[in-house]
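Report on the structure
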Amino acid sequence: MDRLYIFDTTLRDGEQVPGCQLNTVEKIQVAKQLELLGVDVIEAGFPVSSPGDFNSVIEISKAVTWPTICALTRAVEKDIDVAAEALKFAKHKRIHTGIGTSDSHIKYKFNSNREEIIERAVRAVKYAKRYVEDVEFYAEDAGRTENEYLARVIEAVIKAGATVVNIPDTTGYCMPAEYGAKIKYLCDHVAGIENAIISTHCHNDLGMATANTMSGVLNGARQAEVTINGIGERAGNTSLEEVAMILRCHKGVGIETNINTTKIYPTSRMVSSLMNMPVQPNKAIVGKNAFAHSSGIHQDGVLKNVQTYEIMNPQDVGIDDNSIVLTARSGRAALKSRLHVLGIDLEQEKLDSVYQEFLKLADKKKDINDDDILVLAGADRSQNHRIKLDYLQVTSGVGVQSVASLGLNIAGEKFEACASGNGPVDAAIKALKKIVNRQMTLKEFTIQAISKGSDDMGKVHMQVEYDGHMYYGFGANTDIIAASVEAYIDCINKFKI
Ligand code: KIV
Ligand code: ZN
C-alpha cells in the first residue's frame, strides 16, 4: 500500500469562515482531537495575521506530540520570522510559504511579472530553510496557472529546498480531469520532483473539491489538504472524512491514510459544535441522513442484508447508535463519559456547570442526544459575556399582535423593555433594541432544529451589521424565540466598541 499524508487545515483555512473563529483553548481541543484522529500535519494558523493566531500556534505546538505543526506565511521575510518563532515548541515543524502564480495574481495582486515571482518564491523558501528543514511551498491559484510556467516555479522551489509542493485550486475552478492532468504534468516535467511530495489543496466552489483531490492523488499527489466537514473559505475545502473513506472503501486503489476512521464522527461533531457551524443533513459520511434509509424499498433491502444499500458501516466512522440517549436520571459520570466519546474532556468545575444545564434541559426534553450535549458543553462559552438575557415573555398567536417583554443584565445592571411586533421574534428583538439602542441591521437569520421531536433544541445563527462590520451570533434553546434573542445578544457582545 502507498501512503497518502493527511494535512488538516481546519484550524487555518477552515477557521477563515466568518463567524467560526475559535479561541486558543478551543483550538487546542480540536488539535488534540485531530491527533487522535491520526492526521499527519496540523496547519495551526497564520501567525503574522494576529496575536491570537500567533499564540494559538505556540499553544498547539506545546499540546500536540505526533503530527507535524505547520504555520502559514506569505513569501515575506517578516511572516517567516514570526512563523518560526511561533513554531519554537513544536516537536515536528513546517513552514508553509508561497505566492500567487496565475497571471491574474501576478498582474493584479503583485503588479509583477513571471520571472520576479519565481525569484520571490525561491527567496522565501531559502529564507524559511534557515529556520526549519521541512518547508512547504504553495503556488496560490495553481488551478488557473498555465502548466508550463507552474512547472518552472515548482522546479525552482524544489531546487531551493522545498520538501512539499502544494498545488492549490484556490478558486475551485478546475475539472477533475484537468486537475489530475496538472499533477501528472508536474510529475512528468519537473526535474527533481522525486525530492518533494506533491500536495493537493482544492476548494469546493463548483462542488468538485473531493473529486479534484482524488484525481490529483490518482495522478501522483501524496499529500491531501483537507478540513473536517469540508469547512473553509466560501464553499469550503475538501472534506477529510470523504478522502479517508474513499480510500478505505476503494482498497483496490492501493493507497492508505493513517486516519482512525472511528474518530471521524466525534471529530465532525466537535468541530461543528465549537464553530457553531451546522453539518448539512445530506453531507457525505457525517450528515445526519448519511446512513438513514427512508424509502420502503431501501429499508426492505437493508433489513434483508445491509450490503444492499450500505457501502460502509456506520460504526466504521464512529457512529454509535446504542449509546446516544441520556435522560434526567443520568449522573455526572454518564455525562462525562459521553462527552469523552465526543472528544471533550472537561475540568470538574466546568463539568459541574454543564451538568446543571443538562438537568435543566432533561426536565424539558425526554432524551438528550449527542448534539444537545455538544451545545450544552459549548454554551458556557458565553457565560462571561457583558450582556445576558435575564428573562423573556412573549404572547403571540393567529389574529393577535405579538408582544414581548424582556429583561437584560448588562454588566450587572438590570434593564427591562416591552415591544410589539410582526411575530414573536420581531417583537422580542424590538424590545431588545429599546434597551441596546444602536444602529444595527439583521442580515441573516437561520433556525435549525437539532434532531427530532417537538421538544427539540433549536439552534439559531444570526448575522448583524453594525458600524460597517458584520457580526455572527449563535443561540441554542428549546424555546426558539429565546434562542433567537440569545443569538442577537451574542452578536452585540462581539461589537468592537
Ligand atoms: O487556497 C489557497 O490557495 C490557500 C493557500 C494559502 C494554501 O489556502
Ligand atoms: Zn485554501
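Refer to the structure presented above.
Bear in mind that the values here come from a model prediction, so they are computed numbers and not experimental data.

**Focus on a nonpolar patch on the surface**
Together, Leu 442, Phe 445 and Ile 447 give the surface a local cluster of nonpolar side chains, amounting to about 240 Å² of exposed area. By secondary structure assignment, the location of Phe 445 is in strand 14 (residues 440-449).

**Looking at the coordination of the zinc ion (ligand 2)**
The zinc ion (ligand 2) binds to the protein through Asp 13 (OD), His 201 (NE2) and His 203 (NE2), with metal-donor distances spanning 2.0 to 2.2 Å. Assessed through its relative accessible area of 5%, His 201 is described here as buried.

**Observations concerning the site of ligand 1**
Around ligand 1, the structure places Arg 12, Asp 13, His 96, Tyr 138, Glu 140, Asn 166, Pro 168, Thr 170, His 201 and His 203. Within the side chain of Thr 170, a nitrogen or oxygen atom sits 2.7 Å from an oxygen atom of ligand 1. Within the side chain of His 201, one N or O atom sits 3.1 Å away from an oxygen atom of ligand 1. For ligand 1, whose accessible area on its own is 260 Å², the fraction buried by protein is 92%. Taken together, the elements giving at least two residues each to the shell around ligand 1 come down to strand 6 (135-140) and strand 7 (164-169). Split into classes, the residues belonging to the shell around ligand 1 amount to two nonpolar, five polar and three charged.

**Quick look at the packing of aromatic side chains**
This model, assessed by the stated rule, comprises four aromatic pairs. Ring geometry for Tyr 355 and Phe 358: centres 5.8 Å apart, planes at 25 degrees, overall stacked. Pair noted here: Tyr 355 and Phe 358 are both in helix 13 (residues 348-364), with a separation of three residues, about one helical turn. Here Tyr 355 matches Phe 358 in class, with each residue buried. On the numbers, 4.2 Å between centres and 10 degrees between planes, the contact of Tyr 466 with Phe 495 is stacked. Of this pair, Tyr 466 sits in strand 15 (residues 458-466) while Phe 495 sits in the segment after helix 16 (480-493); the two residues are 29 residues apart in sequence, bridging distant segments of the chain.

**With respect to the pattern of salt bridges**
Taken as a whole and assessed by the stated rule, the structure comprises 28 salt bridges. Lys 27 is paired through a salt bridge with Asp 53; the nearest N and O atoms lie 3.3 Å apart. Of the two residues, Lys 27 sits in helix 1 (residues 24-37) while Asp 53 sits in helix 2 (residues 51-63), which places them 26 residues apart along the sequence. Under the relative-accessibility criterion, Lys 27 is labelled buried at 3%. Judged by its relative accessible area of 11%, Asp 53 falls in the buried class. Between Asp 141 and Arg 144 there is a salt bridge whose closest N-O contact spans 2.9 Å. On the basis of relative accessibility, which here comes to 0%, the residue Asp 141 falls in the buried class. On the accessibility criterion, Arg 144 (41% relative accessible area) is partly exposed. Within the structure, one salt-bridge network assembled from shared partners comprises Arg 12, Asp 13 and Glu 43.

About the criteria used
- Residue indices begin from 1 for each chain and proceed along its sequence in written order.
- Working convention: letters from A go to chains and numbers from 1 go to ligands, in the order in which they are written.
- Predicted model: local features are reported for residues with pLDDT of at least 70 only, side-chain atom pairs are reported and counted for 80 or more only, and whole-chain, interface and lining totals are derived from all residues.
- Excluded from the side-chain calculations are hydrogens and water; all other atoms, namely the structure's heavy atoms, are used.
- In this analysis, a patch consists of residues with relative accessible area above 30% that form no salt bridge, clustered at 9 Å for like charges and at 5 Å for the nonpolar side chains Val, Leu, Ile, Met, Phe, Trp and Tyr.
- All accessible-area figures derive from a Shrake-Rupley calculation using a 1.4 Å probe, and residue coverage is judged against the displayed protein chains alone.
- Salt bridges are defined as contacts in which a side-chain nitrogen from Lys or Arg sits within 4 Å of a carboxyl oxygen from Asp or Glu.
- Put simply, DSSP marks the helices as runs of H or I at least four residues long and the strands as runs of E at least two long, and each gets a number from the N terminus on.
- Only nitrogen, oxygen and sulfur atoms within 2.8 Å of the metal, or 3.2 Å for Na, K and Ca, are treated as donors, and water is left out, so sites may look incomplete.
- Relative accessible area decides the class of each residue, using a 1.4 Å probe on protein chains only: under 20% of the type maximum gives buried, over 50% gives exposed, and in between gives partly exposed.
- By convention in this text, a residue qualifies as near a molecule or strand provided that one of its non-hydrogen atoms is within 4 Å of it.
- Throughout this description, a polar contact denotes any pair of N or O atoms lying within 3.5 Å of each other; where both atoms belong to protein, one of them has to be capable of donating a hydrogen while the other can accept it, and for residues adjacent in sequence the pair is counted only when both atoms sit in side chains.
- Each residue gets one of three labels, nonpolar for Ala, Val, Leu, Ile, Met, Phe, Trp, Tyr, Cys and Pro, charged for Asp, Glu, Lys and Arg, and polar for the others, Gly among them.
- Pairs were defined over the aromatic rings of Phe, Tyr and Trp, the Trp ring being its six-membered one, requiring ring centres within 6.5 Å. Orientation was assigned from the angle between planes: stacked under 30 degrees, edge-to-face over 60, tilted for the rest.

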